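Take a look at the letters that make up each chain.
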Amino acid sequence: MSKNPQYGQFDNLLAEQSNVTFMLIFKNAEQIFKRDMKPDVFDSFQNQEPGWKNFYGISWQLSAAKKNYYTNFCLKLNRDTVLVKN
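Described in the following lines is the structure provided in the data block. (Residues numbered from 1 in each chain as written. Predicted model: local features only at pLDDT ≥ 70, side-chain atom pairs only at ≥ 80, totals over all residues. Heavy atoms only, no water.)

Moving on, we come to the packing of helix α2 (residues 26–36) against helix α3 (residues 39–47). One way to put it is that α2 packs onto α3 with a least axis distance of 10 Å and a crossing angle of 155°. When the axes of α2 and α3 are compared, the pair comes out roughly antiparallel. As α2 packs across α3, the resulting crossing turns out to be left-handed. Contact residues: F26, E30, F33 and K34 in α2; F42, F45 and Q46 in α3. (Axes fitted to C-alpha atoms, helices over the stretch in contact; angles between N-to-C directions. Helix = DSSP H or I, 4+ residues; strand = E, 2+ residues; numbered from the N terminus. Parallel < 35°, antiparallel > 145°, perpendicular 65-115°, else oblique. Left-handed = near helix turned anticlockwise from the far one by under 90°. Contact = heavy atoms within 4.5 Å.)

Given below as structure tokens:
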């Protein structure tokens, strides 16, 4: 994944350190979603425009230091997704 330029851009958005990181790359997880989701939910996931398929990945990071607790949430659009402002 480190050779993928889109992953590099996504990785640059994440915090340098965390205690726990959850990361999901949607393209890599598509077969798992297809297998584990109910068919109508997966169809909605795959066919809705705009929808989750327009995102490259999602990350949620949890960190704790002394008596402080921090969370980072990051969602990155695919490179070919165009944002439209109304």
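What follows deals with the pattern of salt bridges. For the structure on display, the rule yields one salt bridge. A salt bridge links R35 to D36; the nearest nitrogen and oxygen atoms lie 2.8 Å apart. Just as R35 is exposed, D36 falls in that class too. (Salt bridge = Lys/Arg side-chain N within 4 Å of Asp/Glu carboxyl O. Buried < 20%, exposed > 50% of the residue type's maximum accessible area, 1.4 Å probe, protein only.)

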